[in-house]
Amino acid sequence: MADIAPSSEVPVTTNLNAVRDRIDAAATAAGRNPAGITLIAVSKMHDVGRILPTLEAGHRAFGESRVQEAQAKWPELRARFSDIELHLIGPVQTKKAKVAVALFDVIHSVDREKLAAALAREMDKTGRRPACFIQVNTGEEPQKAGVPPAEADRFIALCRERYQLPLMGLMCIPPVTEEPSLHFALLAKIAKRNGLQALSMGMSDDFETAIAFGSSHVRLGTAIFGERPGHFATP
Ligand SMILES: *Cc1c(COP(=O)(O)O)cnc(C)c1O
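Residues numbered from 1 in each chain as written. Predicted model: local features only at pLDDT ≥ 70, side-chain atom pairs only at ≥ 80, totals over all residues. Heavy atoms only, no water.

Let us now look at the pairing of strand β5 (residues 131-135). For β5, a buried count of five out of five residues is recorded, marking the element as mostly surrounded by other parts of the structure. Side chains Ala131, Phe133 and Gln135 project from β5 onto one buried face, and the interleaved Cys132 and Ile134 project onto a second face that is buried too. By the bridge criterion, three bridges tie strand β4 (residues 106-110) to β5 in an arrangement that is parallel. Across the sheet, the residue bridging to Val106 is Ala131, located in β5. Note on the crossover from β4 through helix α5 (residues 113-126) to β5: the handedness is right-handed. As judged from the four bridges shared by β5 and strand β6 (residues 167-171), these two strands associate in the parallel manner. Paired with Gln135 across the two strands is Met171, which belongs to β6. Assessed by its sense of winding, the connection that carries the chain from β5 through helix α6 (residues 152-161) to β6 is right-handed. (Buried < 20%, exposed > 50% of the residue type's maximum accessible area, 1.4 Å probe, protein only. Helix = DSSP H or I, 4+ residues; strand = E, 2+ residues; numbered from the N terminus. Pairing = 2+ DSSP bridges. Right-handed = clockwise from strand over helix to strand, strands pointing away.)

This brings us to the site of the ligand. Surveying the vicinity of the ligand reveals the residues Val42, Lys44, Ser65, Ile89, Ile173, Met203, Ser204, Arg219, Leu220, Gly221, Thr222 and Arg228. Within the side chain of Arg228, an N or O atom sits 2.8 Å from an oxygen atom of the ligand. Protein chains bury 90% of the 380 Å² of accessible surface belonging to the ligand in isolation. Using a 2 Å cut-off from the grid points, one finds that the ligand occupies the largest pocket. (Near = heavy atom within 4 Å. Polar contact = N/O pair within 3.5 Å; in protein donor to acceptor, adjacent residues only side chain to side chain. Areas by Shrake-Rupley, 256 points an atom, 1.4 Å probe, with all protein chains shown as cover. 1 Å grid on protein atoms, 1.4 Å probe; cavity = no way out; pocket = protein on both sides within 12 Å on 5 of 7 lines; lining within 4 Å. Sits in = over half its atoms within 2 Å of the grid points.)

The subject of this paragraph is the environment of Gln135. You can see Gln135 is positioned in strand β5. Here the alpha-carbon distance between Gln135 and Leu170, two residues 35 residues apart in the chain, equals 5.8 Å. Every residue in contact with Gln135, bar those within four places of it in the chain, is listed here: His108, Ser109, Val110, Asp111, Ala145, Gly146, Val147, Met171 and Ile173. (Contact = heavy atoms within 4.5 Å.)

The subject of this paragraph is the layout of surface pockets. Its boundaries defined by the atoms lining it, the largest pocket holds a volume of some 600 Å³. For the largest pocket, the lining is made up of 26 residues, of which Lys44, Ile173, Met203, Arg219 and Arg228 are closest to its centre. A breakdown of the residues in the lining of the largest pocket according to their chemical character gives 13 nonpolar, six polar and seven charged. (Points joined across faces, edges and corners; volume = space filled by probe spheres on them. Nonpolar A, V, L, I, M, F, W, Y, C, P; charged D, E, K, R; others polar.)

Here the focus is the environment of Val218. Take Val218: it is sitting in strand β8 (residues 217-220). The sequence separation of Val218 and Phe207 amounts to 11 residues, and the corresponding C-alpha distance is 6.3 Å.

Positioned with a positive phi, Met45 is a non-glycine residue whose angle comes to about 75°. The residue Met45 is located in the loop between β1 (38-42) and α2 (48-56) in this model. The residue Gln164 is not glycine, and still its phi comes out positive at about 50°.

Quick look at the packing of aromatic side chains now. The tally for this structure, following the rule as stated, stands at one aromatic pair. Their ring planes at 40° and their centres at 4.9 Å tell us that Phe62 and Trp74 sit as a pair that is tilted. A residue pair is termed long-range when its members are at least 10 positions apart, and Phe62 in strand β2 (residues 61-64) and Trp74 in helix α3 (residues 67-80) qualify at 12 residues. Each member of the pair, Phe62 as well as Trp74, carries the same accessibility label: buried. (Phe/Tyr/Trp six-rings, centres within 6.5 Å; stacked < 30°, edge-to-face > 60°.)

Under the definition given, this model contains 13 salt bridges. A salt bridge links Arg78 to Asp105; the shortest N-O distance between them is 2.9 Å. Taken together, the residues span a long stretch of sequence, with Arg78 in helix α3 and Asp105 in the loop between α4 (97-103) and β4 at a distance of 27 residues. Taking the relative accessible area as the measure of exposure, Arg78 reaches 22% and is therefore partly exposed. Among the ionic contacts, a cluster of salt bridges with common partners joins Glu64, Arg66, Glu69 and Lys73. (Salt bridge = Lys/Arg side-chain N within 4 Å of Asp/Glu carboxyl O.)

This is the structure in structure tokens:
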């Protein structure tokens, strides 16, 4: 495996170009078109000053884990770069559904009926319809968000039929101690049998494998921005 945490001496734009090259190479090796893979730069914990050079270099798709942190950072950046695409990749509390729908363009972590209902209600109210991924807990880890694989088909149907969510695909975060390819293969299989095209899978240390298994959205933080600071101080 290549080093996943680039030195903080290296400009983030150099890291960004390097991961783009690796995505292109992994796609080509898998016989896929690199244009079919969205690179989400995961900027959680990093401040606006660290994010800005990537925007100036033309990057537009970003991921944040926490609604509140995103609220503190992104309005000012959106005012300067109108075509930013903001992805919510972390768990969403139901009471944050309203802010999530207002702030994000894509939500990767729909994983329970209460949240699906709250998102649908906000979408109907506001007319804003962020694309949604359903998070599947492929490793069935008790501490991790996501629907269990055995309940995925039923939950997908519920989100489509009862809540009419704009479903785009499935997302997973494999257990850190397991071979990720088994989880990527499982996610791809569930998506295929449900007619879902998009797969949000692959992080800094396993995105090339994820691409080989059909990932459409890789979520890379450390490989672009370096190690995360311990916390983000909400102003
Ligand atoms: C933090 C995070 C990432 C990015 O992880 P890296 O290993 O830094 O690339 C991707 N996906 C989710 C859901 C995350 O919370």
